[in-house]
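# Architecture and fold: a report
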Amino acid sequence: ALAPTMVASVISDLECAWNNYAAAASLMSDEFMQASGNLNQRNWGSRRVTADDPNMATATCRAAYGIYTTLHTARFQAEDIFARLDAFTDAQVANRTALKATVRAYGAYALVALGEGFCEMVLDGGPIITPTKVLEAAEARFTEAITLATTANNQDILNMALVGRARVRLDLKNYAGALADARLVPLTYVKNATRDESDTRRYNAMCEFMACPQWRHATVAPAYRNVTWQGVVDPRVQVATIGTLTFDNVQVWYYPSAKHRSRGYPVVLSSGVQARLFVAEAAARTGDLATARQLINNMHVAA
């Protein structure tokens, strides 16, 4: 009777972890610049996060930026709930196959973040393993999710798992496999990690700490403030400023004006647009530059 609630908890845990992971990754990349007097925010923005940093390693979704424990929580929840569902029968649990597909897909995304974001990993008390092994585990779970979603005729979870497996296969340099999966996903498909203002663990972390005026711990880096393509302003990268200073009281605060403008703004988990970019990259890496160029040109025309 509790199966739908338990599956919802897996979704909730992955969404909160993915939200923090996406925000942390954007701050540690070249998209945002450190602009805070807060010690934790300054360390993240200037790439001085240590392996034992308490926020990174053990903090919850309510902290900036708890990612390691939150991702493992989502991963463990997915494994545990899947095993519980597996112990019942279809007669006992309504929509059991679809629920199992959902749990496998969401759990695999936790492994994607762990495999792409960390240099080594331990899963459930086992030996230290490489990112490759973590990503291989993600691929196996996506494969199972694809089979289960197909059986359950759940197109949403099927597309979500196909994008995820294409991403992992691209990471693992299986370009033919990435192409095969990504080409099956409709361009219009989007799967979000939902956000809202009901609780701090549900806030959009990019809004909360960087893109909304209440916490100006970072500013959009100069390279992204006036993005053009062939001399034309690129509408996909919209950045604005009202001249307000950031929290270091020195830099001017620039923010993305079309995205992450509220605590309830969703965070993309997988999409058909991502899938097209995976096709373009896999095509380019296998020497099919014509396909890669055509896909990128199509995106430019659409924008």
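See above for the structure.
Our subject in this report is the structure included herewith.

Rules used throughout
- Residues numbered from 1 in each chain as written.
- Predicted model: local features only at pLDDT ≥ 70, side-chain atom pairs only at ≥ 80, totals over all residues.
- Heavy atoms only, no water.
- Helix = DSSP H or I, 4+ residues; strand = E, 2+ residues; numbered from the N terminus.
- Rg over C-alpha atoms; globule rule 2.2 N^0.38 Å.
- Contact = heavy atoms within 4.5 Å.
- Areas by Shrake-Rupley, 256 points an atom, 1.4 Å probe, with all protein chains shown as cover.
- Salt bridge = Lys/Arg side-chain N within 4 Å of Asp/Glu carboxyl O.
- Buried < 20%, exposed > 50% of the residue type's maximum accessible area, 1.4 Å probe, protein only.
- Disulfide = S-S within 2.5 Å.
- Polar contact = N/O pair within 3.5 Å; in protein donor to acceptor, adjacent residues only side chain to side chain.
- Patch = residues over 30% accessible without salt bridge, like charges linked within 9 Å, V, L, I, M, F, W, Y side chains within 5 Å.
- Pairing = 2+ DSSP bridges.
- 1 Å grid on protein atoms, 1.4 Å probe; cavity = no way out; pocket = protein on both sides within 12 Å on 5 of 7 lines; lining within 4 Å.
- Points joined across faces, edges and corners; volume = space filled by probe spheres on them.
- Nonpolar A, V, L, I, M, F, W, Y, C, P; charged D, E, K, R; others polar.

It is worth spelling out the overall build of the protein at this point. Of the regular secondary structure elements, the protein holds eleven helices and ten strands. Taken over the C-alpha trace, the protein has a radius of gyration of 20 Å; the compact-globule value for 303 residues is 19 Å, and the two agree within 12%. Principal axes of the C-alpha set define a box for the protein whose edges measure 60 × 45 × 35 Å. Partitioning the contacts of the protein with sequence separation of at least 6, the portion at a separation of at least 24 is 65%. Put simply, the protein shows about 14,200 Å² of open surface, and 56% of that area lies on carbon and sulfur atoms.

Bringing the pattern of salt bridges into the picture now. Summed over the entire model, instances satisfying the criterion amount to 21 salt bridges. Of the charged contacts, one joins Arg96 and Asp90 as a salt bridge, the two residues approaching to 2.9 Å between their closest N and O atoms. With its nearest N and O atoms 2.7 Å apart, the salt bridge here joins Asp234 to Arg236. Residue Asp234 is classed as buried on the basis of its relative accessible area, which comes to 8%. Among the ionic contacts, a cluster of salt bridges with common partners joins Glu79, Arg104, Arg141 and Glu144.

Between Ala64 and the following residue, Tyr65, the backbone shows a cis peptide bond with an omega angle of 0 degrees. Locating Tyr65 in the fold gives a position in the loop between helix 3 (54-58) and helix 4 (68-86). The phi dihedral of Arg47 is positive, around 60 degrees, even though this residue is not glycine. The topology assignment puts Arg47 in the loop between helix 2 (39-45) and helix 3. Among the residues examined, Arg47 registers a relative accessible area of 49% and is labelled partly exposed. For Lys173, which is not glycine, the phi dihedral falls at a positive 65 degrees. Mapped onto the elements, Lys173 comes out in the loop between helix 7 (155-171) and helix 8 (175-182). Residue Lys173 is classed as exposed on the basis of its relative accessible area, which comes to 60%.

Our next topic: the state of the cysteines. Within the structure shown, the criterion is met by two disulfides. The residue that forms a disulfide with Cys207 is Cys212, at a sulfur-sulfur distance of 2.1 Å. Because the sign of the S-S torsion sets the handedness, a value of about -110 degrees for the bond joining Cys207 and Cys212 places this disulfide among the left-handed ones. Each of the two residues, Cys207 as well as Cys212, counts as buried. When the bonded cysteines of the protein are numbered from the N-terminus onward, they pair as 1-2, 3-4.

Along the chain, Glu15 turns up in helix 1 (residues 3-28). Since its relative accessible area comes to 5%, Glu15 is described here as buried. Within the local environment of Glu15, its side chain forms a polar contact with the side chain of Thr194, the two groups lying 2.8 Å apart. Excluding residues within four positions of it along the chain, Glu15 makes contact with Asn192, Ala193, Thr194, Arg195 and Arg202.

Moving on, we get to the side chain of Ser270. As for its placement among the helices and strands, Ser270 is situated in strand 10 (residues 267-271). On the accessibility criterion, Ser270 (0% relative accessible area) is buried. Contact partners of Ser270, with chain neighbours within four places excluded, come to Tyr109, Met160, Val163, Tyr189, Val190 and Lys191.

Attention now goes to a nonpolar patch on the surface. Side chains of Leu187, Val273, Leu277 and Ile296 sit close together on the surface and give an oily, nonpolar patch of about 310 Å² of accessible area. Here Ile296 is to be found in helix 11 (residues 289-302).

What follows covers the pairing of strand 8 (residues 239-245). Pairing of strand 8 with strand 9 (residues 252-256), which is carried by four bridges, proceeds in the antiparallel orientation. Counterpart to Val239 in the pairing with strand 9 is Pro256. Counted between consecutive antiparallel strands, the loop separating strand 8 from strand 9 contains six residues, among which Asn249 sits at a positive phi close to 60 degrees.

If you add up the space inside the largest pocket, you get close to 1,900 Å³. Along its surface, the largest pocket is lined by 41 residues, and Arg236, Lys259, His260, Val268 and Leu277 are the ones closest to its centre. When contributions to the lining of the largest pocket are tallied by element, the ones reaching two or more residues are helix 1, strand 4 (190-193), strand 10, helix 10 (272-285) and helix 11. For the lining of the largest pocket, the per-class residue count stands at 27 nonpolar, nine polar and five charged. One number sums up the size of the second largest pocket: a volume of about 270 Å³. Lining the second largest pocket are 14 residues, with Met28, Met56, Ile67, Gly117 and Phe118 sitting closest to its centre.

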